[in-house]
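In case you want the letters, here they are:
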Amino acid sequence: MGPDGIHPRVMRELADELAKPLSVIYQESWLTGEVPGDWKLANVTLVYKKGRKEDPGNYRPVSLTSVPGKIMEQFILSAITQHLQDGQGIRPSQHGFTKGRSCLTNLVSFYDQVTRLVDAGKAVDVVYLDFSKAFDTVSHSVLLDKLAAHGLDRSTLCWVRNWLDGRAQRVVVNGAASSW
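Residues numbered from 1 in each chain as written. Predicted model: local features only at pLDDT ≥ 70, side-chain atom pairs only at ≥ 80, totals over all residues. Heavy atoms only, no water.

Asks: I keep staring at the sheet that holds strand β1 (residues 41-48) and nothing clicks. Help me out?
Replies: Two modes of strand pairing occur in sheets, parallel and antiparallel, and in both the strands are linked by backbone hydrogen bonds. Judged by pairing direction, the sheet is mixed, and its four strands sit side by side in the order β2-β1-β3-β4 without closing on themselves. Each end of this open sheet is capped by a strand with a single partner; those strands are β2 (59-65) and β4 (176-177). Pairing analysis gives seven bridges linking β1 to β2, with the strands arranged antiparallel. Of the residues in β2, the one forming a bridge with A42 is T65. (Pairing = 2+ DSSP bridges. Helix = DSSP H or I, 4+ residues; strand = E, 2+ residues; numbered from the N terminus.)

Below, the structure is given as structure tokens:
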């Protein structure tokens, strides 16, 4: 559950009753660009990965946010993705965050290209970069400028700007929470 205390199962079981009021909230949020404040809150908790449970390095932090907010975020993501694909903003070589593609398909494509070049007798240089923290440091203004440059509509840009602004998080471990 996120900070709003709404369990995803409740949303799933009451989907028929909640569909109409949520669609009104979502439509109004998108049209006005206003994002409810509780959608911007996150409980950061630890999830065990593997290895010794006593080793803190074997856990990864996960942000748990409002379920209605996550649903709206998926609607916005779908609209942005469709817009970028239609306008050629996402190239065929893009694998990350693209439906039907993954790190594995990227590696297969890369391996195929390298072996083709080597088979043709051409030199191949490879540089490895670690972008694992890259998305933690993306400038929101640069992101919004790029989305605007790709012709994203004003309502969606305004919604994304508001979604990114004024976020707060707290750490929750074994039921104890830090301050926001």
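Asks: Explain the pattern of salt bridges here, please?
Replies: A side chain of one charge can pair with a side chain of the opposite charge when the charged atoms of the two come close. Scanning the model with the defined rule gives three salt bridges in all. We note a salt bridge from R52 to E54, for which the minimum N-O separation is 3.5 Å. The class for E54 is exposed, based on a relative accessible area of 61%. (Salt bridge = Lys/Arg side-chain N within 4 Å of Asp/Glu carboxyl O. Buried < 20%, exposed > 50% of the residue type's maximum accessible area, 1.4 Å probe, protein only.)

Asks: Is there a simple way to think about the environment of H95 in this case?
Replies: Take H95: it is sitting in the loop between α3 (67-86) and α4 (103-119). Between the alpha carbons of H95 and K40 there is a distance of 28 Å; along the sequence they are 55 residues apart. Ignoring any residue separated from it by four or fewer positions in sequence, one finds H95 in contact with R101, S102, T105, N106 and S109. (Contact = heavy atoms within 4.5 Å.)

Asks: How should I be thinking about the packing of aromatic side chains in this particular structure?
Replies: Going through the model one piece at a time under the given rule, you end up with four aromatic pairs. A ring pair is formed by Y26 and F75, whose centres lie 5.5 Å apart and whose planes are at 75°; its orientation type is edge-to-face. You can see Y26 sitting in helix α2 (residues 15-32) and its partner F75 sitting in helix α3, a full 49 residues away along the chain. With relative accessibility at 8%, the residue Y26 sits in the buried group. We classify F75 as partly exposed; its relative accessible area is 47%. Among the aromatic residues, ring-to-ring pairing joins Y26, W39 and F75 into one connected group. Sitting over the face of the ring of Y48, K53 holds its NZ or CZ atom 5.0 Å from the ring centroid. Over the ring of W163 we find R167, and its NZ or CZ is 4.4 Å from the ring centre. (Phe/Tyr/Trp six-rings, centres within 6.5 Å; stacked < 30°, edge-to-face > 60°. Lys NZ or Arg CZ within 6 Å of the ring centre and 35° of its normal.)

Asks: Would you take a moment to explain the side chain of T65 for this structure?
Replies: Take T65: it is sitting in strand β2. T65 has contacts with G2, P3, L41, A42, K70 and R167, leaving out every residue within four places of it along the chain.

Asks: What should I look at first to understand helix α6 (residues 154-164) in this one?
Replies: Because each turn of an α-helix spans 3.6 residues, side chains separated by three or four positions end up pointing in the same direction. Burial analysis of α6 places eight of its eleven residues in the buried class, the great majority of the element. For α6, the set of buried residues is S155, T156, L157, W159, V160, N162, W163 and L164. Buried residues in α6 make contact with α2, α3 and α5 (140-149). With a side-chain oxygen lying 3.3 Å from the backbone nitrogen of S155, the N-terminal cap of α6 falls on D153. G166 sits one or two positions beyond α6 and adopts a positive phi of about 70°. (Polar contact = N/O pair within 3.5 Å; in protein donor to acceptor, adjacent residues only side chain to side chain.)

Take it as geometry only, folks, not as evidence of what the structure does.
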